[in-house]
Amino acid sequence: MNKSGSRLPAFHGTGVALVTPFTPEQAVDYAGWRRLLDFCIDGGVEYLVVNGTTGESPTTTAAEKTELLRIAVEHVAGRVPLVYGIGSNDTAAAEEALRTTDLSGVAAILSASPAYNKPSQAGIIAHYTRLADASPLPIILYNVPGRTASNLTAETTLRLAQHPNIIGIKEASGLMEQCLAIAARKPKNFLLLSGDDMLTPALIACGGEGVISVLANAFPKRFADLTRAALSGDFAAAREGLFHLLPLNPLMYEESNPVGVKAVLEALGVCGAAVRLPLLEATEGLKDRIRKAL
């Protein structure tokens, strides 16, 4: 059992793709960061993801990344496991980051597939194999073709699942048939994690083990409860929790992620809504619709 009270195996249940709070002046809000860490842990989530793309990792500096991780390790103090995001469309740069980053207190790495380059499936396999060979920690793949412009096919995922240092995938393709193909043939200990909040119960019903969630930043208890309900086979309770969040979900992405969820966190008093360019803070119209949905 971790200190949030969960009895689930490692990386089953709800992980949170944490936002990075900023001040109105665009500095990292480290006080808000600590509040967010506590808010999610107190909500009962199973683990936290630091420096994922929801954390605006493309626009945080190396020094900020180091400090965010240092504070997370210190402040979380083992209450839940931490996953850290390391990825790049430059394989050598990602490999160097894996070798040089102080990963003390981190349990695993989440690594998004290379964006923009549009590598072949063979190139994706070579990329992840090189990272897995170099990494001192187990790697969770991240497939999000809507962002990267390339898809990890089921065959590619299953091939990579044979690597002893690759332990799972955050699947955000939205392709349920692809997810089914992975679930049907994956090694028993390979984690199939939802990268789409609204598909979490469906993916669990097909053999998934949980979710790395955006909405859980703002609704950690509700999301942790519905995910655990699905994992226990209580899909009626899981649906009830999910349907409660359904009206909010499209608002989270209308002006790009994490613009929407930061507006929710502001409304809840957890941290501010500021984001960094090229993203813009939620418009007043979006904030108003979010407040009404809340």
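Look up a bit, the structure's there.
All of the points below concern the structure found in this document. (Residues numbered from 1 in each chain as written. Predicted model: local features only at pLDDT ≥ 70, side-chain atom pairs only at ≥ 80, totals over all residues. Heavy atoms only, no water.)

Here the focus is the packing of helix 9 (residues 220-231) against helix 10 (residues 235-245). Where helix 9 contacts helix 10, the axes come no closer than 7 Å and their chain directions differ by 150 degrees. The orientation of helix 9 with respect to helix 10, classified from their angle, is roughly antiparallel. Here helix 9 and helix 10 pass one another in a crossing that is left-handed. For the pair formed by helix 9 and helix 10, the contact residues are Arg222, Phe223, Leu226, Ala229 and Ala230 on the first element and Phe235, Ala237, Ala238, Gly241, Leu242, His244 and Leu245 on the second. (Axes fitted to C-alpha atoms, helices over the stretch in contact; angles between N-to-C directions. Helix = DSSP H or I, 4+ residues; strand = E, 2+ residues; numbered from the N terminus. Parallel < 35°, antiparallel > 145°, perpendicular 65-115°, else oblique. Left-handed = near helix turned anticlockwise from the far one by under 90°. Contact = heavy atoms within 4.5 Å.)

The next thing to look at is the sheet that holds strand 5 (residues 139-143). Neighbouring strands of a sheet are bound in pairs by backbone hydrogen bonds; such pairs are parallel or else antiparallel. Taken in spatial order, the eight strands close into a barrel running 1-2-3-4-5-6-7-8, and their pairing is parallel. For this sheet, the mean angle separating the axes of adjacent strands, direction not counted, is 25 degrees. The strands that helix 4 (residues 121-134) touches are strand 4 (108-112), strand 5 and strand 6 (166-171); relative to strand 5, the one it contacts most, it runs at about 155 degrees. (Pairing = 2+ DSSP bridges.)

The next thing to look at is the nonpolar core. Leu18, Trp33 and Leu48 are the most contacted members of the largest nonpolar core, which has 74 residues in total. When neighbours within four sequence positions are excluded, Leu18 is seen to be in contact with Trp33, Leu36, Leu37, Cys40, Leu48, Val49, Val50, Thr54, Gly55 and Asn217. Counting residues in each nonpolar core, the second largest holds 15 residues, with Ala17, Val49, Ala108 and Leu110 among its members. (Core = buried A, V, L, I, M, F, W, Y, C linked by side-chain atoms within 4.5 Å. Buried < 20%, exposed > 50% of the residue type's maximum accessible area, 1.4 Å probe, protein only.)

Now for empty space enclosed by the protein. Considering all chains together, one arrives at two cavities of 30 Å³ or more under this definition. When its residues are assigned to classes, the lining of the largest cavity shows five nonpolar, three polar and two charged. Around the second largest cavity, the lining residues are Ala17, Val49, Gly52, Thr53, Thr54, Leu110, Tyr142 and Lys170. Residue composition of the lining of the second largest cavity, grouped by class: four nonpolar, three polar and one charged. (1 Å grid on protein atoms, 1.4 Å probe; cavity = no way out; pocket = protein on both sides within 12 Å on 5 of 7 lines; lining within 4 Å. Points joined across faces, edges and corners; volume = space filled by probe spheres on them. Nonpolar A, V, L, I, M, F, W, Y, C, P; charged D, E, K, R; others polar.)

This brings us to the pairing of strand 6. When you tally the buried positions in strand 6, you get six out of six residues, the bulk of the element. Bridge analysis of strand 5 against strand 6 gives five bridges, and the strand direction is parallel. Looking at strand 6, one finds that Leu141 is bridged to Ile169. When strand 6 meets strand 7 (residues 191-194), the two strands line up parallel, connected through four bridges. Bridge pairing in strand 7 places Ile169 opposite Leu192.

Right, let's get into unusual backbone geometry. For the bond from Asn257 to Pro258, the omega torsion is 10 degrees, close enough to zero to count as cis. Along the chain, the position of Pro258 falls in the loop between helix 11 (249-253) and helix 12 (259-268). Cis geometry is found at the peptide bond from Leu277 to Pro278, where omega equals 15 degrees. With respect to the secondary-structure elements, Pro278 resides in the loop between helix 12 and helix 13 (284-293). The phi torsion at Asn51 lies on the positive side, around 65 degrees, for a residue other than glycine. With respect to the helices, strands and loops of the structure, Asn51 is situated in the loop between strand 2 (47-50) and helix 2 (62-76).

The next subject is the pattern of salt bridges. Under the counting rule described, the total for this entry stands at 17 salt bridges. Across the pair Arg70 and Glu74 runs a salt bridge whose closest N-O atoms are separated by 3.3 Å. Of this pair, Arg70 and Glu74 are both found in helix 2, four residues apart, which corresponds to roughly one turn of the helix. Notably, a salt bridge pairs Arg99 with Glu95, separated by 3.2 Å at the nearest N-O pair. You can see Arg99 and its partner Glu95 sitting in helix 3 (residues 91-100), four residues apart, about one turn around the helix. Classification of Arg99 as exposed rests on a relative accessible area of 55%. (Salt bridge = Lys/Arg side-chain N within 4 Å of Asp/Glu carboxyl O.)

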